[in-house]
Amino acid sequence: MINDTMIVGSIAISGLSGCGNTSVSGMLAKQLNIPFYNYTFRALANDKGMALDEVARQAEISDDFDRYIDSRIKEYTRKNTCVVGSRLALWFAENVMFRVYLHFSLEERARRIALREEIEYLESYNKTKVRDARDIARYKRLYNIDILDFQSRANMIITDASLSVVQICGKILQNLQKKHG
């Protein structure tokens, strides 16, 4: 079994909105007994006392929000071993020993977001579709990164949406064991 003494770098977990980056990253960090790092628009909105939608709107106008968040990922992972969950963790985390991409359909992600945010599925679907398009275009413009081209970056891609967070963490741990055990 892998343990925190076998971890020689950070573990990056990425995926589009609603894939479970935060849940999986947090649980995996706890299981490995290493720090969890997840600084997102949601965290930035809380820090600034702004609504998440307002931060997202401002990010469309100014690159400052994205650049700030992404620089924090680089800085934190350069100095610390952790599990980092973020849309761009596969691209920006430094000192990474393993990269995981959670890849689920728009429909599944919208369903999850609707449950989490207690909104109607159709509203969630439409919001998620618009958010995906904005994120994809913004990352392409800002960094020339196509976040849908993750295959070459990831050591492991999870596509089975029927898996629970616990099961996903189990699969990641199995793969870590094979690669670094």
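Fair warning: this is a prediction, and the values are worked out from it, not measured in the lab.

Quick notes on the rules
Residues numbered from 1 in each chain as written. Predicted model: local features only at pLDDT ≥ 70, side-chain atom pairs only at ≥ 80, totals over all residues. Heavy atoms only, no water. Pairing = 2+ DSSP bridges. Helix = DSSP H or I, 4+ residues; strand = E, 2+ residues; numbered from the N terminus. Contact = heavy atoms within 4.5 Å. Axes fitted to C-alpha atoms, helices over the stretch in contact; angles between N-to-C directions. Core = buried A, V, L, I, M, F, W, Y, C linked by side-chain atoms within 4.5 Å. Buried < 20%, exposed > 50% of the residue type's maximum accessible area, 1.4 Å probe, protein only. Polar contact = N/O pair within 3.5 Å; in protein donor to acceptor, adjacent residues only side chain to side chain.

Student: Explain the sheet that holds strand S5 (residues 156–158) to me, and be specific about the residues and the numbers.
Tutor: Read across the sheet, five strands follow the order S2-S3-S1-S4-S5 without closing on themselves; strand pairing throughout is parallel. Where the open sheet ends on each side, the last strands, each with one partner, are strand S2 (36–37) and S5. Looking at chain direction, S2 and strand S3 (residues 83–85) are connected through two bridges and run parallel. Within the sheet, the bridge partner assigned to Phe36 lies in S3 and is Val83. Helix H8 (residues 165–180) contacts strand S1 (10–15), strand S4 (96–102) and S5 of the sheet and is inclined by roughly 145° relative to S4.

Student: An account of the nonpolar core is needed here, citing residue identities and associated values.
Tutor: Membership of the largest hydrophobic core comes to 30 residues, with the highest contact counts inside it found for Val84, Leu88 and Trp91. For this core, the secondary-structure elements that each account for two or more residues are helix H2 (41–48), helix H3 (52–61), helix H4 (64–79), helix H5 (89–92), S4 and helix H7 (121–143). Of all hydrophobic cores here, the second largest spans 23 residues; its members include Leu28, Leu102, Leu163 and Cys169.

Student: Account for unusual backbone geometry, with residues named and values stated.
Tutor: Although it is not a glycine, Asn33 adopts a positive phi angle of roughly 60°. Along the polypeptide, Asn33 turns up in the loop between helix H1 (21–32) and S2. A relative accessible area of 59% means that Asn33 is categorised as exposed. Positioned with a positive phi, Asn95 is a non-glycine residue whose angle comes to about 55°. Take Asn95: its relative accessible area is 40%, and that puts it in the partly exposed class.

Student: I'd like a description of the environment of Asp47, backed by residues and values.
Tutor: One can find Asp47 in helix H2. Note on Asp47: relative accessible area 54%, which makes it exposed. Residues Asp47 and Thr22 lie 25 residues apart in sequence; the distance between their C-alpha atoms is 18 Å. Here the side chain of Asp47 touches Tyr39 through a polar contact of 2.6 Å, side chain to side chain.

Student: Now, about the side chain of Thr77: what can you tell me, with residues and values included?
Tutor: By the secondary structure assignment, Thr77 is in helix H4. For Thr77, the side chain forms a polar contact with the main-chain nitrogen of Glu94, separated by 2.7 Å. With residues up to four places along the chain from it excluded, the contact list for Thr77 reads Ser10, Cys82, Val84, Phe92, Ala93, Glu94 and Asn95.

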